[in-house]
Amino acid sequence: MAGIKSIGILTSGGDAPGMNAAIRAVTRSAIYNGFTVKGIMRGFKGLVFNEIVEFKSQSVSNIIQLGGTILKTARSEEFKTVEGRKAAYDNMVAAGIDALVVIGGDGSLTGAGLFAEEYNVPIVGLPGTIDNDLGGTDSTIGYDTALNTIMESVDKLRDTASSHERLFFVEVMGHTAGYLALNSAIATGSEAAIIPEMETEVDQLAELINHGFRKSKNSAIVIVAENPKTGGATALAERVKKEFPQYDARVTILGHIQRGGSPTAVDRILASRMGEAAIEAILDGQRNVMIGTMNGKIVYVPFAKAIKHDKGIDRGALELVKILSI
Ligand code: F6P
């Protein structure tokens, strides 16, 4: 796009495996197309506090396989203020940055949209979150790796659940979305998935669990999406224990382990394709769009649609968990 010579790149919000692969792809594609690249440390916070470094091709050597983000990340309170965004803009201009690539989840893209509007800055977003809760894309960078991490952990829990004939409630992340819970339940053959998109009563749950206990293996695993409104797995297990004391129940909260680790091939490839597409988008004159993929094809998603989280949950998938656990 005419006038753009230098591109700033940042990662923001919760880190996700594959962010480094995305940083590498954006940096190298930008350099390939004649842009200079600046790395902004600690997300928008680094823009507010002027933590900007020169990025060369070698700056991103040997990082495709690393979890986390070499640019660090933060959830910036400063950037939420008018003064903070003004400082960020002034620092950006002083560093000669003409356009930004922002890798993050819904909070980060919301901030990006606001900044773009206020200061007329060209911004392209990449969906970087384990939650998969952005609209207009089949998957987000980090989701597949987190799903695999959950799967490996639940497989281990199944060994002990089955040996002791126990019921396990396993809490997984997802912010307000149930994708990780639902698909990890399918991948692990769990007896039920409790997701924020669907209300589940205790007696419904008992029926689901009974399915599991009727099976010869006599163990049951219920995957519960984190949910501050209901109290997640801990609260659910308490209720079940009270009403069904015959079950020997345990709770495991997987927590931040889900955010770490080397990205899967799926996430590395997704991040590489999306990172290159972000530079293509800038060359095409696109601004204020997130790069997504739909049916394997790269698409441009306006920020407003991306943050809407209107993908909906696949009810067929929920039914599948039930059918396959009879
Ligand atoms: O958005 C990613 C995510 O891991 C969510 O699944 C979770 O709700 C949240 O971030 C946890 O945030 P923090 O790392 O600030 O505790």
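See the structure above.
Given the structure is predicted, the values throughout are model-derived calculations rather than measurements.

## Some words on the pattern of salt bridges
Here the structure, examined in full by the defined rule, presents ten salt bridges. Between Arg42 and Glu51 there is a salt bridge, with the nearest N and O atoms lying 2.6 Å from each other. A relative accessible area of 31% means that Arg42 is categorised as partly exposed. Accessibility expressed as a relative area gives 27% for Glu51, which makes it partly exposed. Note that Asp90 and Lys86 form a salt bridge whose closest N and O atoms lie 2.7 Å from each other. Taken together, the positions of Asp90 and Lys86, both in helix α3 (residues 82–94) and four residues apart, correspond to about one turn of that helix. The exposure class assigned to Asp90 is partly exposed, which follows from its relative accessible area of 36%.

## Examining the sheet that holds strand β1 (residues 6–11)
Reading across the sheet, the seven strands line up as β3-β2-β1-β4-β5-β10-β11 and stay open at both edges, with mixed pairing between neighbours. Across the chains shown, the open sheet's two edge strands, defined by having one partner strand only, are β3 (52–55) and β11 (297–302). Within the sheet, the average angular offset between the axes of one strand and its neighbour, ignoring direction, is 30 degrees. In this fold helix α9 (residues 265–283) packs onto β1, β4 (99–104), β5 (123–127), β10 (289–294) and β11, with an angle of close to 135 degrees to the strand it touches most, β10.

## Quick notes on the sheet that holds strand β9 (residues 249–253)
What the four strands build is an open sheet, ordered β7-β8-β6-β9; its pairing is parallel. Where the open sheet ends on each side, the last strands, each with one partner, are β7 (192–194) and β9. On average, each strand axis in the sheet is inclined to that of its neighbour by 20 degrees, with strand direction left out of account. The sheet contact formed by strand β6 (residues 167–172) and strand β8 (residues 220–225) spans six bridges and is parallel. From the neighbouring strand, Leu167 faces β8, where its bridge partner is Ala220. Contacting β6, β7, β8 and β9, helix α8 (residues 232–243) crosses the sheet at an angle of about 155 degrees to β6.

## As for the environment of Gly68
Inspection of the secondary structure assignment puts Gly68 in the loop between β3 and α3. Residue classification places Gly68 among the buried residues on the basis of a relative accessible area of 15%. For the pair Gly68 and Asn20, spaced 48 residues apart in the sequence, the C-alpha separation amounts to 7.0 Å. Those residues in contact with Gly68 that sit more than four places away from it in its chain are Asp15, Ala16, Met19 and Asn20.

## Quick look at the site of the ligand
The full set of residues close to the ligand is Arg75, Thr129, Ile130, Asp131, Met173, Gly174, His175, Glu226, His256 and Arg259. In this structure, an oxygen atom belonging to the ligand sits 2.6 Å away from a side-chain N or O atom of Asp131. Between the ligand and Glu226, the relevant distance is 2.6 Å, taken from an oxygen atom to a side-chain nitrogen or oxygen of the residue. Protein contact buries 71% of the 400 Å² of open area that the ligand shows by itself. For the shell around the ligand, a count of residues per class yields two nonpolar, four polar and four charged. Shared between two domains, the shell around the ligand takes at least three residues from each, and those domains are domain 1 (6–142 + 263–306) and domain 2 (145–259).

Conventions adopted
Residues numbered from 1 in each chain as written. Predicted model: local features only at pLDDT ≥ 70, side-chain atom pairs only at ≥ 80, totals over all residues. Heavy atoms only, no water. Salt bridge = Lys/Arg side-chain N within 4 Å of Asp/Glu carboxyl O. Buried < 20%, exposed > 50% of the residue type's maximum accessible area, 1.4 Å probe, protein only. Helix = DSSP H or I, 4+ residues; strand = E, 2+ residues; numbered from the N terminus. Pairing = 2+ DSSP bridges. Axes fitted to C-alpha atoms, helices over the stretch in contact; angles between N-to-C directions. Contact = heavy atoms within 4.5 Å. Near = heavy atom within 4 Å. Polar contact = N/O pair within 3.5 Å; in protein donor to acceptor, adjacent residues only side chain to side chain. Areas by Shrake-Rupley, 256 points an atom, 1.4 Å probe, with all protein chains shown as cover. Nonpolar A, V, L, I, M, F, W, Y, C, P; charged D, E, K, R; others polar. Domains from an automatic or database assignment.

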